[in-house]
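So the chains spell out like this:
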Amino acid sequence: DDGDNLSYTEVNITAAASVTTDAGLTLGTAMSIDGGVGYNFADDDTFDGSKSNGVALDNVTIAGAMGKLTIDGNNNGTTGGNLAMLVDADDESGDIAYTGTFGEMTLNVVADVTKDPKTDADVAWSAAVSGSIAGIALRVAGDEESAYAASAGYSIGGVSVTLATKKEALAVNTAGGKA
């Protein structure tokens, strides 16, 4: 409106690398470079804040017959990694994850080691077991806040039916106890 013009420059680059050892372990890592000021094209209404995290180590992975361990970097300096919790993805994200397959079943565990579960309302860990038995896909997940999610699904002739239930985590009150 006042005739002033603004410009933007932004860079976002992510590079990943992995190597497999003679013993069968795969070691991997991902790094990113972020900088500048960008424009929010999705909403077409504002410039993004200036990015100042520069170069970040996004994650490190170790995978083998025992499963896969992911350590997600502390990208913003305070809140840990970006791994979604397994019951409620709206909870704070985790920074360590393990995935292992044992026969027909898969175990997933996500932990946020930067959280204090006594004083923070978000969950510190969640776990899930999933697999298929007699063509029925099953999944059960839970966390330390007594939240759970469970589902059973079956497909036949192009029709899928899934039954699911979910109870989200209880909020932790400001006094540090469970609500």
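Computed from a predicted structure; not experimentally measured. (Residues numbered from 1 in each chain as written. Predicted model: local features only at pLDDT ≥ 70, side-chain atom pairs only at ≥ 80, totals over all residues. Heavy atoms only, no water.)

(A) Highlighting the overall build of the chain. Helices and strands together make up the secondary structure of the chain, namely 0 helices and 10 strands. Reading the chain from its N terminus to its C terminus gives the helix and strand order β-β-β-β-β-β-β-β-β-β. Long-range contacts, defined as pairs at least 24 residues apart, comprise 37% of the intrachain contacts of the chain with a sequence gap of at least 6. For the chain, the exposed area adds up to about 11100 Å²; of that, 58% sits on carbon and sulfur atoms. (Helix = DSSP H or I, 4+ residues; strand = E, 2+ residues; numbered from the N terminus. Contact = heavy atoms within 4.5 Å. Areas by Shrake-Rupley, 256 points an atom, 1.4 Å probe, with all protein chains shown as cover.)

(B) Just the confidence of the model for the chain, in detail. Mean pLDDT over the chain works out to 80, with 75% of the residues at or above the 70 mark. Every residue in residues 171–179 scores below 50 in pLDDT, and together they form 13 contacts with partners more than four places removed in sequence or on other chains. (pLDDT = per-residue confidence, 0-100.)

(C) Representation of the pairing of strand 9 (residues 148–156) within the structure. For strand 8 (residues 136–143) and strand 9, the ladder comprises 6 bridges, and the chain directions are antiparallel. Each bridged residue has a counterpart across the sheet, and for Ala137 the counterpart in strand 9 is Gly153. Taking the residues between adjacent antiparallel strands as the criterion, strand 8 and strand 9 are bridged by 4 residues, where Ser146 takes a positive phi near 65°. Both strand 9 and strand 10 (residues 159–167) contribute to a ladder of 9 bridges, which runs antiparallel. By the bridge assignment for strand 10, Ala149 is matched with Lys166. (Pairing = 2+ DSSP bridges.)

(D) Representation of unusual backbone geometry. The phi dihedral of Ala134 is positive, around 55°, even though this residue is not glycine. Taking the relative accessible area as the measure of exposure, Ala134 reaches 72% and is therefore exposed. (Buried < 20%, exposed > 50% of the residue type's maximum accessible area, 1.4 Å probe, protein only.)

(E) Representation of the environment of Gly24 within the structure. Checked against the element boundaries, Gly24 lands in the loop between strand 1 (9–20) and strand 2 (26–37). A sequence separation of 39 residues divides Gly24 from Ala63, and the C-alpha atoms of the two residues are 8.5 Å apart. Setting aside its immediate chain neighbours within four residues, Gly24 contacts Ala63 and Gly64.

(F) Spatial organisation of the pairing of strand 6 (residues 105–111). Alignment of strand 5 (residues 96–102) against strand 6, held across 7 bridges, turns out to be antiparallel. Its bridge partner lying in strand 6, Thr101 is registered against Thr106. Remark: 2 residues form the turn of the hairpin made by strand 5 and strand 6, two consecutive strands paired antiparallel; Gly103 in that turn has positive phi of roughly 65°. As defined by bridge partners, strand 6 adjoins strand 7 (residues 125–133) across 7 bridges and the pair is classed as antiparallel. Bridge pairing in strand 7 links Asn108 to Ala128.

(G) Local environment of the pattern of salt bridges. Counted under the stated rule, the structure contains 1 salt bridge. For the salt bridge of Glu168 with Lys166, the shortest nitrogen-to-oxygen distance reads 3.9 Å. (Salt bridge = Lys/Arg side-chain N within 4 Å of Asp/Glu carboxyl O.)

(H) The arrangement of the side chain of Glu144 in detail. Locating Glu144 in the fold gives a position in the loop between strand 8 and strand 9. Among the polar contacts made by the side chain of Glu144, one reaches the main-chain amide nitrogen of Trp125 at a distance of 3.3 Å. (Polar contact = N/O pair within 3.5 Å; in protein donor to acceptor, adjacent residues only side chain to side chain.)

(I) A nonpolar patch on the surface, seen in detail. A cluster of nonpolar residues, Val11, Ile13, Met31, Ile33, Val55, Leu57, Val60, Leu69, Ile71, Ile96 and Val113, forms a patch on the protein surface that exposes about 860 Å² of accessible area. Elements supplying a minimum of two residues to the nonpolar patch: strand 1, strand 2, strand 3 (51–64) and strand 4 (67–72). At 3 residues, strand 3 tops the list of elements feeding residues into the nonpolar patch. By the secondary structure assignment, Val11 is in strand 1. (Patch = residues over 30% accessible without salt bridge, like charges linked within 9 Å, V, L, I, M, F, W, Y side chains within 5 Å.)

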